[in-house]
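# Remarks on the overall topology
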Amino acid sequence: MTGAPASPPRWIVRFSAGDRSQRDLLGGKGANLAEMTRLGLPVPPGFIITTEACRAFLATGAVPDALWEELDAALVDLQTGAGRRLGDPADPLLVSVRSGAPFSMPGMMDTVLNLGLNDATVEGLARASGDRRFAFDAYRRLVQLYGKVVFGVDGSLFEDALARRVEPSGAEEAVLPAEVLAELTADFAAIIEREAGEPFPQDPDEQLRRAVEAVFGSWNGRRARDYRRMEGIADDLGTAVNVQQMVFGNLGEASGTGVAFTRNPATGEARPYGDWLPRAQGEDVVAGIRLTRNLDELATDFPDCAAQLSDVFATLEAHYADMCDIEFTIEQGRLYILQTRVGKRTAHAAFRMAVDMVGEGLINRREAVLRVTPAQLERLLHPSFSPDASYDVLTTGLNASPGAAVGAVVFTADDAEARVADGQDVILVRAETAPDDLHGMIAAQGVLTSRGGLVSHAAVVARGMGKPAVCGAGAVSVDPDDRVFTVGEVTVSEGDVISIDGTTGEVALGAVPLVTPEPTGAFATLLGWADGFRRLGVRANADLPEDAVRARELGAEGIGLCRTEHMFLGDRLPLVQRMILAETDAAEQAALDALGEAQRSDFVALLQAMEGLPITVRLLDPPLNEFLPDVTELLVADAKGELDADGHRLLAAAQHWSEVNPMLGTRGCRLGVIKPGLYRMQTRALVEAAVEVERAGGAPHVEIMVPLTVTARELDLVAGWIRETAEEVVRDAGVTITYRIGTMIETPRAALRADQFARTAEFFSFGTNDLTQMTFGFSRDDVEARIMATYLERGLLEVDPFRTLDPTGVGRLVRLAVDEGRAVRPDLHLGICGEHGGDPPSIALCHDAGIDYVSCSPLRVPVARLAAAHAALGAPTHAAGA
């Protein structure tokens, strides 16, 4: 028995037939064009070739035949409505062909404008418009774009040809006369024929079909792939293609074009913001070729259009309940809206807008919390120039993307990537950035451009990435060939260090000290709302009192990991070495007593800093050889006759404790088993500290964690010592101290036998760093340095498992341990304390697994708070596993 035949895919949807709910099918741009058409806004008509068609093309390498049939029919409808025909030599219809993925990918894929012009129709357009210069300007733009997008010709060849025509004419590009533009168009066509081996196509239907295929193909271009990797966008979505009737912002003095936001995307201020240009096409605004004008000036030149645009802003913001990014064109006094999308914004603006929109009644608190991403929150903590720093401002540009950065100057994206791979921080300096520079922008600490406005490519992309950017620094003259830039008499060469402040627009020579801003205002308000939604607790990994204080200020609800080995370093190191070198029990105990006194004072300070909140103290974990000098260095010193008697004792001890694989050797509770006095000392110091804090009126909450257990008998033995020592201290002190004993689950065996450990342990803390290393069989330091990038590039791993918790391997072990541990002890308290505790997808996994809290570095505590709220509210994450 066979089922009903499957419905054929919908290859094409008219603007008038779609809506914004069809984003997956129509792409974001197409869905919004359809939605604006439904709202009755002045959108030039057109149609959308769907993402299904793109996926079919990517799967087979060919466009389905049925698509061309639908395209012909859609084109007939468009021509009928316009009253003009594509290819008409008298008065041709021209169209744009633009990409439009389901998720916003600004500038990452290709566009072709003015499609339909050829040697005949350009003359018709000149006659119909009465403006020959306009017609040939449109034609040269088409040939230039078509050569780059469809034929893959190096764009610099066109730029060089343009420069040769500009200089003799004595005019800027924007005002080249018609005859020069006609010659330039011929130059461009000759470049295509020479480089591609075939002429620029004169048939408009062929132009259209090949442009559609090129836009489909740009989905897999490098800049698109780099952007998707950065944003966590899936590779199999495909892009839609929007075919739209052209309107012209460069058709006479009564025309113009611009890009605007309904609110300020840099600050969040609730007033429109943007740039526009008279007598220009859209790319002129973002390319920085001409000095743009502020949106406020539009009312002076086009008062009616400005008023209508203000109404459009209000309509779209109310409809989408969010800030919208709008591209508009005025053709001979008539306003058209070419696209809209929810606008990218800085982290600071995201917080302000979310809180303001709740106050305005546009959204509720739940939506406000979901609207700000953990990544944006982390960007809000980016540094700025220290107010106490002394520095000379080299020049000032537009404050395009806030935050400050310091790095060595580089002039190409490839150089940026190469230097960063060698461990160097860089600032990418360009006259202007293009989508092909994306990989360099990702690598760089910040971006400086000499051209471009606040909605230029560099500004928009940098804001989206949270990278500092200073744009439109007109005093900067960039010479990429000589690898220098100059500002007046000052020359800055490749490799010289500069500092940029994207908040003020300042550029300075040398390294300016940076500071991290204190979160206030909307930051605190929104995080307070987030705390009301999350179930997961958030603690901090902190070993020092100042770290604990900072963590608490940022909202930490305790210390989830105190690494006691960090208390054994510095001036304590000689005491540790005395303990290791002790030749008698008495000498060892004396050294342990001295260490215990030092640790007790540390624990008092931590308990006071976390007054009333729990602190989880991990007993000593690393092997003893880490507290001894390097064996090779000692052997070299011995060969030179430089070791005295104490030096020879250190050498003997270092050789004795040296191990082939220390990570899997005598560390954790194994060290405690062979050095039982060590864990007794630490327990005594901690409980004595708790007694001191309790007597002073405090409320200490102590959790004592045994590291690296692999058998229940190990835990039973060490837990017995801990209880015996703790009860002795409490009995002698005559006070009551509440404490928990637990273990760190950091080996696969411990996770698999969690039911056995739960009979003794009152809490588990998952050490996800070691659990990941042992589950994968990876040495983190070696793998991260040598193979991780290759594995990610080739798709052998979907995510770096040391950054995001592996959901199907390590995550499965975590879930198993949670379930089996709680089956034995229903009130078992569970947390994680590895680096994954501050990673949003990992936090979502912990929420789903039923873990009670995550613990992370102090500065990531706000990120974890927001991510935990997102997990509770069901926000999607980009974690993946295979």
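Per-chain numbering applies: the sequence of each chain, read as written, is numbered from 1 onward. Thresholds applied to this predicted model are a pLDDT of at least 70 for local features of residues and 80 or more for the giving and counting of side-chain atom pairs; totals over whole chains, interfaces and linings are not thresholded and use all residues. Only hydrogens and water are removed before side-chain values are computed, so all heavy atoms of the structure are retained for them.

### Observations concerning the overall build of the protein
Put simply, the test is: Helix and strand assignments come from DSSP, with helices taken as H or I runs of at least 4 residues and strands as E runs of at least 2, each series counted from the N terminus. Only protein chains enter the calculation, and the probe is 1.4 Å; a residue is then buried if its accessible area is under 20% of its type maximum, exposed if over 50%, and partly exposed in between. By definition, residues are in contact when any of their heavy atoms lie within 4.5 Å. Here, Shrake-Rupley sampling with a 1.4 Å probe gives the accessible areas, and only protein chains in the shown set may cover a residue.
Along the protein, the regular secondary structure elements total 35 helices and 31 strands. Scored against the burial criterion, the 882 residues of the protein give a buried share of 55%. Here the contacts in the protein between residues at least 6 apart in sequence split such that 69% fall between residues at least 24 apart. Summed over all atoms, the accessible surface of the protein reaches about 35,400 Å², with 49% contributed by carbon and sulfur.

### Observations regarding the environment of Ala-469
Tracing the sequence through the fold places Ala-469 in strand β17 (residues 469-471). Under the relative-accessibility criterion, Ala-469 is labelled buried at 0%. C-alpha separation for the pair Ala-469 and Gly-40, spaced 429 residues apart in sequence, amounts to 37 Å.

### Details of the nonpolar core
One recurring pattern in soluble globular proteins: nonpolar side chains tend to sit buried together. For clarity, the cut-off: What we call a nonpolar core is a set of buried Ala, Val, Leu, Ile, Met, Phe, Trp, Tyr and Cys residues that are connected through their side-chain atoms within 4.5 Å.
Phe-568, Ile-580, Leu-678, Phe-764, Phe-766 and Ile-851 are the most contacted members of the largest nonpolar core, which totals 100 residues. Considering every element that reaches this core, the biggest residue donor is helix α26 (residues 676-695), with 10 residues. If we ignore the near neighbours within four places in the chain, the residues touching Phe-568 are Leu-573, Val-576, Leu-595, Gln-599, Leu-620, Phe-627, Leu-678, Met-681 and Gln-682. One finds Leu-125, Tyr-146, Ala-211 and Val-241 within the second-largest nonpolar core, a separate group that totals 62 residues.

### A look at the sheet that holds strand β10 (residues 334-342)
Put simply, the rule is: DSSP-based pairing: two strands are paired if at least 2 bridges between them are found. For every element, the axis is a line fit to its C-alpha atoms; helices are fit only across the contacting stretch, and the angle between N-to-C directions ranges from 0 to 180 degrees.
Pairing is antiparallel in the open sheet, where five strands are placed in the order β8-β7-β6-β9-β10. Each edge of the sheet is formed by a strand with only one pairing partner; in this case those strands are β8 (293-294) and β10. Pairing geometry for strand β7 (residues 273-278) and β8, over two bridges, is antiparallel. For Asp-275, the partnering residue across the bridge sits in β8 and is Asn-294. Of the strands in this sheet, β6 (256-261), β9 (324-331) and β10 are in contact with helix α12 (residues 303-320), which crosses β10 at around 25 degrees.

### Looking at the confidence of the model for the protein
Rules: One number per residue, pLDDT, summarises how confident the predictor is, and it ranges from 0 to 100.
Scored by pLDDT, the protein has a mean of 90; 95% of the residues are at 70 or more. Low confidence marks residues 1-6, where pLDDT is under 50. Its contacts with residues over four positions away, or in another chain, come to zero contacts. Within the model, pLDDT remains below 50 along residues 878-882, and this stretch shows 13 contacts once partners closer than five positions in the same chain are excluded.

### Re unusual backbone geometry
You will see that Arg-483, though not glycine, has its phi angle at about 55 degrees, which is positive. The phi angle at Leu-708 is positive, at roughly 60 degrees, despite the residue not being glycine. Note on placement: Leu-708 falls in the loop between β27 (701-706) and α27 (712-733). What makes Leu-708 buried here is its relative accessible area of 0%.

### Some points on α27
One turn of the α-helix equals 3.6 residues, which is why residues spaced by three or four share an orientation. The test is simple: Expected helix span is taken as 1.5 Å per residue step, with the number of steps being one fewer than the number of residues. The arc in question is formed by the directions pointing from the helix axis toward the C-beta atoms.
The terminal C-alpha atoms of α27 lie 31 Å apart, and with 22 residues this matches the ideal 32 Å at 1.5 Å per residue to within 8%. If you check which residues of α27 are buried, you get Glu-714, Leu-715, Val-718, Ala-719, Trp-721, Ile-722, Thr-725, Ala-726, Val-729, Val-730 and Ala-733. One side of α27 holds all its buried residues, which, seen down the axis, span an arc of 155 degrees. What points out from α27, more than 90 degrees from its buried face, is the exposed set Arg-713, Arg-731 and Asp-732. Elements in contact with the buried residues of α27: α25 (669-674), α26, β27, β28 (739-745) and α29 (754-757). Phi turns positive one or two residues past the end of α27, at Gly-734, with a value near 70 degrees.

### Describing the environment of Pro-826
Looking at where Pro-826 falls in the secondary structure, it is placed in the loop between α33 (810-824) and β30 (829-832). On the basis of relative accessibility, which here comes to 67%, the residue Pro-826 falls in the exposed class. A C-alpha to C-alpha distance of 9.5 Å links Pro-826 and Ala-758, two positions 68 residues apart in sequence.

### Here's the deal with the pattern of salt bridges
To be explicit about the condition: Take a side-chain nitrogen of Lys or Arg and a carboxyl oxygen of Asp or Glu: if they are within 4 Å of each other, that pair is a salt bridge.
Counted under the stated rule, the structure contains 55 salt bridges. We note a salt bridge from Arg-649 to Asp-646, for which the minimum N-O separation is 3.6 Å. Placement of the pair is Arg-649 and Asp-646 together in helix α24 (residues 645-657), with a separation of three residues, close to one helical turn. Residue Arg-649 is classed as partly exposed on the basis of its relative accessible area of 35%. Its relative accessible area of 47% is what places Asp-646 among the partly exposed residues. In this structure, the salt-bridge partner of Asp-770 is Arg-667, at a minimum N-O distance of 2.8 Å. Of this pair, Asp-770 sits in helix α30 (residues 768-776) while Arg-667 sits in the loop between α24 and α25, and the two are 103 residues apart along the sequence. Here Arg-667 falls in the buried class, since its relative accessible area comes to 4%.

### Description of the sheet that holds strand β5 (residues 240-245)
Strand order in the open sheet formed by five strands is β1-β2-β5-β3-β4, with antiparallel pairing between adjacent strands. In this open sheet, the two strands that pair with only one neighbour each are β1 (12-14) and β4 (111-115). Taking the axes of each pair of neighbouring strands and ignoring which way they run, one obtains an average angle of 20 degrees across the sheet. In terms of strand pairing, strand β2 (residues 46-49) meets β5 through four bridges, oriented antiparallel. Within β5, the residue paired with Phe-47 across the bridge is Val-243. Across the sheet, helix α1 (residues 23-38) lies against β1, β2, β3 (95-100) and β5, angled at about 25 degrees from β5, the strand it touches most.

### Some points on the environment of Gly-107
Considering the arrangement of structural elements, one finds Gly-107 in the loop between β3 and β4. Of the residues examined, Gly-107 reaches a relative accessible area of 35% and is grouped as partly exposed. On a C-alpha basis, the gap between Gly-107 and Val-461 in space is 8.5 Å, while along the polypeptide they are 354 residues apart.

### Here's the deal with the state of the cysteines
Applied cut-off: Only a pair of cysteine sulfur atoms within 2.5 Å qualifies as a disulfide here.
Summed over all chains, the structure comprises zero disulfides. There is no disulfide at Cys-833, and the cysteine sulfur nearest it, in Cys-846, is 11 Å away. Judged by its relative accessible area of 4%, Cys-833 is buried.

### Let's talk about the packing of helix α3 (residues 65-82) against helix α8 (residues 204-218)
In plain terms, the rule: Comment on the angle field: the value is read as roughly parallel under 35 degrees, roughly antiparallel over 145, roughly perpendicular from 65 to 115, and oblique elsewhere. Less than a right angle of anticlockwise turn of the near helix away from the far helix marks a crossing as left-handed, whereas a clockwise turn marks it as right-handed. Gly falls in the polar group here, along with every residue not listed as nonpolar (Ala, Val, Leu, Ile, Met, Phe, Trp, Tyr, Cys, Pro) or charged (Asp, Glu, Lys, Arg).
Interaxial distance between α3 and α8 falls to 12 Å at its minimum, and their mutual angle equals 120 degrees. When the interaxial angle is binned, α3 and α8 end up oblique. In this structure, the crossing between α3 and α8 has a hand that is right-handed. Residue-level inspection shows Leu-67, Trp-68, Leu-71, Asp-72 and Leu-75 of α3 in contact with α8, the latter providing Asp-205, Leu-208, Arg-209, Val-212, Glu-213 and Phe-216. By residue class, the composition of the contact of α3 with α8 is seven nonpolar, no polar and four charged.

### Regarding a nonpolar patch on the surface
Note the following rule: Candidates for patches are residues over 30% relative accessible area with no salt bridge; among them, like charges are joined within 9 Å and nonpolar side chains (Val, Leu, Ile, Met, Phe, Trp, Tyr) within 5 Å.
Residues Val-673, Ile-674 and Leu-717 make up a contiguous nonpolar surface patch of roughly 240 Å² in combined accessible area. Locating Val-673 in the fold gives a position in helix α25.

### So, the pairing of strand β16 (residues 446-449)
Burial of the side chains of β16 extends over both faces: Gly-446 and Leu-448 are buried on one face and Val-447 and Thr-449 on the other. Relative to β16, strand β15 (residues 426-430) runs parallel, the two being bridged by four bridges. Residue pairing in the sheet places Val-429 in a bridge with Leu-448 of β16.

### Some remarks on the packing of helix α5 (residues 132-149) against helix α7 (residues 178-196)
The geometry of α5 relative to α7 is characterised by a closest axis approach of 8 Å and an angle of 20 degrees between their N-to-C directions. Looking at the two axes, α5 sits roughly parallel to α7. Remark: the crossing between α5 and α7 carries left-handed chirality. Listed contacts from α7 to Arg-132, Arg-133, Phe-136, Asp-137, Tyr-139, Arg-140, Val-143, Gln-144 and Gly-147 of α5 are Ala-178, Leu-181, Ala-182, Leu-184, Thr-185, Phe-188, Ala-189 and Ile-192. Of the residues assigned to the contact of α5 with α7, the class counts are 10 nonpolar, three polar and four charged.

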